Amino acid sequence: MTLPTTGGFDKTPGWLDWHPSPSTPRFQLPEGAVDAHCHVFGPGAEFPYAPERKYTPCDAGKAQLFALRDRLGFSRNVIVQATCHGDDNRAMVDACRASGGRARGVATVRRGVTDAQLRELHEAGVRGVRFNFVKRLVDSTPRDELMEIAHRVKALGWHVVLYFEAPDLPELWDFFAALPTTVVVDHMGRPDVTQPVDGPAFALFLRFLREHPFVWSKVTCPERLSASGPPALDGETEPYRDVIPFARRVVEEFPDRVLWGTDWPHPNLKDHMPDDGLLVDLIPRIAPTAALRQRLLVDNPMRLYWPEASSR
């Protein structure tokens, strides 16, 4: 059975729906753990998809997200604006407002956003903006517009989330380095895991983190990065083993600047849809000590998204 797309939208052909019955993780998350990278899609009948979108997903609303949160054992979510909604943040904001303070958001905004609209987003729980440089997902935005937005949201204490692919880092380096607020890189900058973890390409990303203490990284999406698997399905105990050394390197070298999330409902996967419970079971392999896991899953996301609670 396939999951629906409501509102008169037609789902992208070949779209992979989110896993209908994820396993209960064997790994017990620390108290207060945060799923720091996830999304909501629609439902399309209530929150229409953007005309300029590059894909049309199945619906994946706040009720399904919060059910997954509870099933996996998380306490909180950080909901990142999905590109299929463009800069219409209503679905993400609605989920944040419905969470009872247990969700924060990362928005997409354009130059024309007003100060009043930014304040409204802040009151709803938004704490960051996302700049997407992946050309197959979005049309490019002028860098002067992005820099203007970054300066405006800095005044609210927000950060900037960057989504790009590893080959583009050299060309984007100077722009990223000039951003005026905390920066969080999605998915380790999407490294090529067929290359050595000690090779020059990943070394460049690690150097970027070393030289810029305001830059954080999400050690997320092994299901997107893996070239040889095996996939997180059917009880597999060591999935995506080719990605593990990359994520572990970042966690161990930058323990106070890393975040983890499920990426549910896993947009635009082409090969398989992972079992989210098995993704959670990967965490001890990339953060091998209780102290590292506490930082990755609790201390770091709380400091970035709920500083008023983490400082008590």
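This write-up is about the structure you can find in this document. (Residues numbered from 1 in each chain as written. Predicted model: local features only at pLDDT ≥ 70, side-chain atom pairs only at ≥ 80, totals over all residues. Heavy atoms only, no water.)

Notes on the pattern of salt bridges
Where side chains of opposite charge bring their charged atoms close, a pairing between them can arise. In the structure shown here, the tally under the stated rule is 22 salt bridges. Of the charged contacts in the structure, one is a salt bridge between R104 and E308, with a shortest N-O distance of 2.8 Å. Separated by 204 residues along the polypeptide, R104 in strand 3 (residues 103-107) and E308 in helix 12 (residues 307-310) bring together distant segments of the chain. Judged by relative accessible area, R104 falls into the buried class, the value being 10%. In the salt-bridge network here, residues are joined through shared partners; they are R69, D70 and R102. (Salt bridge = Lys/Arg side-chain N within 4 Å of Asp/Glu carboxyl O. Helix = DSSP H or I, 4+ residues; strand = E, 2+ residues; numbered from the N terminus. Buried < 20%, exposed > 50% of the residue type's maximum accessible area, 1.4 Å probe, protein only.)

Quick word on unusual backbone geometry
Of note, the bond from G229 into P230 is cis; its omega dihedral lies within 30 degrees of zero at -5 degrees. Note on placement: P230 falls in the loop between helix 7 (222-225) and helix 8 (244-253). Here W264 and P265 are connected by a cis peptide whose omega angle stands at 0 degrees. Residue position: P265 is located in the loop between strand 8 (258-259) and helix 9 (276-280). Positive phi outside glycine occurs at R190, with the angle close to 50 degrees. Note that R190 resides in the loop between strand 6 (183-185) and helix 6 (200-211). R190 gets classed as buried once you look at its relative accessible area, which sits at 17%. With a phi angle near 55 degrees, D234 is a residue other than glycine that sits in the positive phi range. Mapped onto the secondary structure, D234 falls in the loop between helix 7 and helix 8. Assessed through its relative accessible area of 80%, D234 is described here as exposed.

Regarding the packing of helix 5 (residues 169-177) against helix 6
Contact geometry for helix 5 and helix 6: axes closest at 12 Å, N-to-C directions at 5 degrees. With respect to each other, helix 5 and helix 6 are oriented roughly parallel. In this structure, helix 5 uses L169, P170, W173 and F176 to contact helix 6, whose residues at the interface are L204, F205, R207, F208 and E211. (Axes fitted to C-alpha atoms, helices over the stretch in contact; angles between N-to-C directions. Parallel < 35°, antiparallel > 145°, perpendicular 65-115°, else oblique. Contact = heavy atoms within 4.5 Å.)

Overview of the side chain of R69
Following the sequence through the fold, R69 ends up in helix 1 (residues 62-72). The buried category is assigned to R69, whose relative accessible area is 8%. Within polar-contact distance, the side chain of R69 engages the side chain of D70 at 2.9 Å. The residues touching R69, leaving out its near neighbours within four places in the chain, are F74, S75, R76, N77 and R102. (Polar contact = N/O pair within 3.5 Å; in protein donor to acceptor, adjacent residues only side chain to side chain.)

Quick notes on the sheet that holds strand 5 (residues 159-163)
In space, the 8 strands of this open sheet follow the order 1-2-3-4-5-6-7-8, with parallel pairing throughout. The sheet terminates laterally at strand 1 (34-38) and strand 8, the two strands that pair on one side only. Alignment of strand 6 against strand 7 (residues 215-218), held across 3 bridges, turns out to be parallel. Looking at the pairing, V185 lines up with S217 of strand 7. (Pairing = 2+ DSSP bridges.)

Here we look at the pairing of strand 7
Neither face of strand 7 is open: one carries V215 and S217, the other W216 and K218, and all of them are buried. Regarding the hand of the β-α-β motif, the stretch spanning strand 6, helix 6 and strand 7 is right-handed. Where strand 7 lies against strand 8, 2 bridges are found, and the strand directions are parallel. Along strand 8, the bridge assignment pairs S217 with V258. (Right-handed = clockwise from strand over helix to strand, strands pointing away.)

Some details on the nonpolar core
Formed by 103 residues in total, the largest nonpolar core has its most connected members in F131, F176, L179, V219, V250 and W260. The dominant element in this core, judged by the number of residues it contributes, is helix 11 (residues 290-305), at 7 residues. (Core = buried A, V, L, I, M, F, W, Y, C linked by side-chain atoms within 4.5 Å.)

Observations concerning helix 5
Along helix 5, the residues classified as buried are L169, L172, W173, F175 and F176. Where helix 5 is buried, its residues meet helix 4 (143-154), strand 5 and helix 6.

Some points on the environment of T181
Residue position: T181 is located in the loop between helix 5 and strand 6. According to the relative accessible area criterion, T181 is buried, its value standing at 10%. Along the backbone, T181 and F133 are 48 residues apart, and their C-alpha atoms lie at a distance of 18 Å. The contact partners of T181, leaving out residues within four places of it in the chain, are K154, W158, H159, V160 and F214. Engagement of the side chain of T181 in a polar contact is seen with the backbone oxygen of W158, the distance being 2.8 Å.

Notes on helix 11
Helix length check: helix 11, at 16 residues, gives a terminal C-alpha distance of 22 Å against a target of 22 Å (1.5 Å per residue), a fit within 8%. By the largest-angle criterion, L296 marks the main kink of helix 11, which is about 40 degrees. (Expected span 1.5 Å × (residues − 1). Bend = angle between axes of the 7 residues up to and from the residue.)

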